[in-house]
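Structural features, examined
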Amino acid sequence: MTSIISYKIAVIGGTGPQGKGLAYRFAQAGHTVVIGSRSSQRAEQTATDISSRIGDDCTQISGADNTTAAESADVVLLAVPYDGHAALVASLRDQLAGKVVISCVNPLGFDKRGPYGLDVIDGSAAEEAQRIVPDAGLVGAFHHLSAVSLWSQAELLEHEDVLVCGDNLQAKQVAIHLTHAINGRDGIDVGALRLARQLEPLTAVLIGMNKRYKIRSGIRIAGLEHSG
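In what follows, the accompanying structure is described. (Residues numbered from 1 in each chain as written. Predicted model: local features only at pLDDT ≥ 70, side-chain atom pairs only at ≥ 80, totals over all residues. Heavy atoms only, no water.)

**Observations concerning the sheet that holds strand 3 (residues 61–65)**
The criterion, for reference: Any two strands with at least two DSSP-identified bridges between them are counted as paired. Strands are runs of DSSP state E lasting at least 2 residues, helices are runs of H or I lasting at least 4, and numbering of each runs from the N terminus. Simply put, an axis is a line fit to the C-alpha atoms, just over the touching stretch for a helix, and the angle between two N-to-C directions goes from 0 to 180 degrees. What makes two residues a contact is simply this: any of their non-hydrogen atoms within 4.5 Å.
Strand order in the open sheet made by the eight strands is 3-2-1-4-5-8-9-10, with mixed pairing throughout. The sheet terminates laterally at strand 3 and strand 10 (188–191), the two strands that pair on one side only. On average, each strand axis in the sheet is tilted by 25 degrees relative to the strand beside it, whichever way the strands run. Inspection of the sheet shows strand 9 (residues 163–166) paired to strand 10 by three bridges, in the parallel sense. Considered in strand 10, the bridge of valine 164 is made with aspartate 189. The sheet contacts of helix 8 (residues 169–178) involve strand 1 (8–12), strand 4 (75–78), strand 5 (100–103), strand 8 (137–140), strand 9 and strand 10, and relative to strand 9 the element is tilted by about 170 degrees.

In structure tokens:
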């Protein structure tokens, strides 16, 4: 599975389940991927794990600390827990400036009643990142994909659609193209960045369904022509 356009992507939080799964899919599709972590050692180990899964000839994935990873990439994916998100983005402000930054951060809480969306002062994690780095091209995408499904060896997740929101049209097009690594087709442009306020907490609904019905649910939009 090879992408027509190749990007160098830093996956910040790439040692976590979601980041690792997305990094695997991007590298498998032919993109150059740098795993970012607070620990360069952990990042390098994750890169080795992904490379082994793809095959011995995989050379397009490496690991580094967050700053080095973000600095080296054209596109930066934020796949970190919401706790500490603002501080992390602020620490990478210089490295993110002027770049396409894709946020799949979901501000969620968990209690005895299950998962729920947190109240975010800026409206969403994506908008929080945009406020901190105003000259980055911020996009919200990849929120609803199961980490288990991403890390599976299924060739494409054809039952999943990827919903993409953003105000920067050029940055949004990058994210829309990158979804080919996930399901073999364009992501769906759902509108402005402020719609991340609805997309991010929707993940709590999927987590609740997955637990209740013991499935790995995904989102598929009816009424659109699903073409590559």
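**Observations concerning the state of the cysteines**
Such a bond, covalent and formed between the sulfur atoms of two cysteines, is termed a disulfide. For the record, the criterion: The criterion for a disulfide is a pair of cysteine sulfur atoms lying within 2.5 Å. Between buried and exposed lies partly exposed: a residue is buried under 20% and exposed over 50% of the maximum accessible area for its type, with that area taken using a 1.4 Å probe on protein chains only.
Summed over the entire model, instances satisfying the criterion amount to zero disulfides. With no disulfide partner, cysteine 104 has as its closest neighbouring cysteine sulfur the one in cysteine 165, 12 Å distant. For cysteine 104, a relative accessible area of 5% corresponds to the buried category.

**Details of helix 10 (residues 196–213)**
Basically, it comes down to this: Here a helix's expected span is defined as the number of its residues, less one, multiplied by 1.5 Å.
For helix 10, with 18 residues, the first-to-last C-alpha span of 26 Å sits near the 26 Å given by 1.5 Å per residue. Inspection of helix 10 places Ala196, Leu199, Glu200, Thr203, Ala204, Leu206, Gly208 and Asn210 among the buried residues, and these make up the whole buried set. Looking at the buried side of helix 10, the elements it contacts are strand 6 (108–111), strand 7 (114–117), helix 6 (125–132), strand 9 and strand 10. Where helix 10 ends, the next residue or the one after it, lysine 214, has phi of about 55 degrees, a positive value.

**Concerning the nonpolar core**
Stated precisely, the cut-off is as follows: Residues grouped as a nonpolar core are buried Ala, Val, Leu, Ile, Met, Phe, Trp, Tyr and Cys residues, joined through side-chain atoms within 4.5 Å.
Judged by nonpolar contacts, the single largest core of 37 residues is most densely connected at Leu22, Phe26, Leu77, Ile102, Phe142 and Leu178. Where this core is concerned, the elements lending two or more residues are strand 1, helix 1 (17–28), strand 2 (32–37), helix 2 (40–54), strand 4, strand 5, helix 8 and helix 9 (180–183). If we skip the residues at most four places from it in the chain, isoleucine 102 touches Val75, Val76, Leu77, Leu78, Val139, Ala141, Phe142, Ala175 and Leu178. Listed in part, the 31 residues of the second largest apolar core include Ala69, Val105, Ile132 and Val133.

**Focus on the packing of aromatic side chains**
The geometry of two aromatic rings is summed up by the distance between their centres and the angle between their planes. Put simply, the test is: Under the pairing criterion, centres of Phe, Tyr and Trp rings, with the six-membered ring standing for Trp, must be within 6.5 Å; the plane angle then separates stacked pairs below 30 degrees from edge-to-face pairs above 60, leaving the rest tilted. In this scheme, Lys NZ or Arg CZ marks a charge over a ring once it lies within 6 Å of the ring centre and within 35 degrees of the ring normal.
Taken as a whole and judged by the stated rule, the model has two aromatic pairs. Each ring, one from tyrosine 24 and one from tryptophan 151, has its centre 5.2 Å from the other, and the planes form 65 degrees; the classification is edge-to-face. Residue tyrosine 24 is located in helix 1, and its partner tryptophan 151 is located in helix 7 (residues 147–151); the two are separated by 127 residues in the primary sequence. Between phenylalanine 26 and phenylalanine 142, the aromatic rings sit 5.7 Å apart at their centres with planes inclined by 75 degrees, giving edge-to-face as the arrangement. Within this pair, whereas phenylalanine 26 is found in helix 1, its partner phenylalanine 142 is found in the loop between strand 8 and helix 7, the two being separated by 116 residues in sequence. Phenylalanine 26 gets classed as buried once you look at its relative accessible area, which sits at 1%. Looking at phenylalanine 142, the relative accessible area reads 2%, which means it is buried. Against the face of tryptophan 151 rests lysine 20, its NZ or CZ located 4.5 Å from the ring centre.

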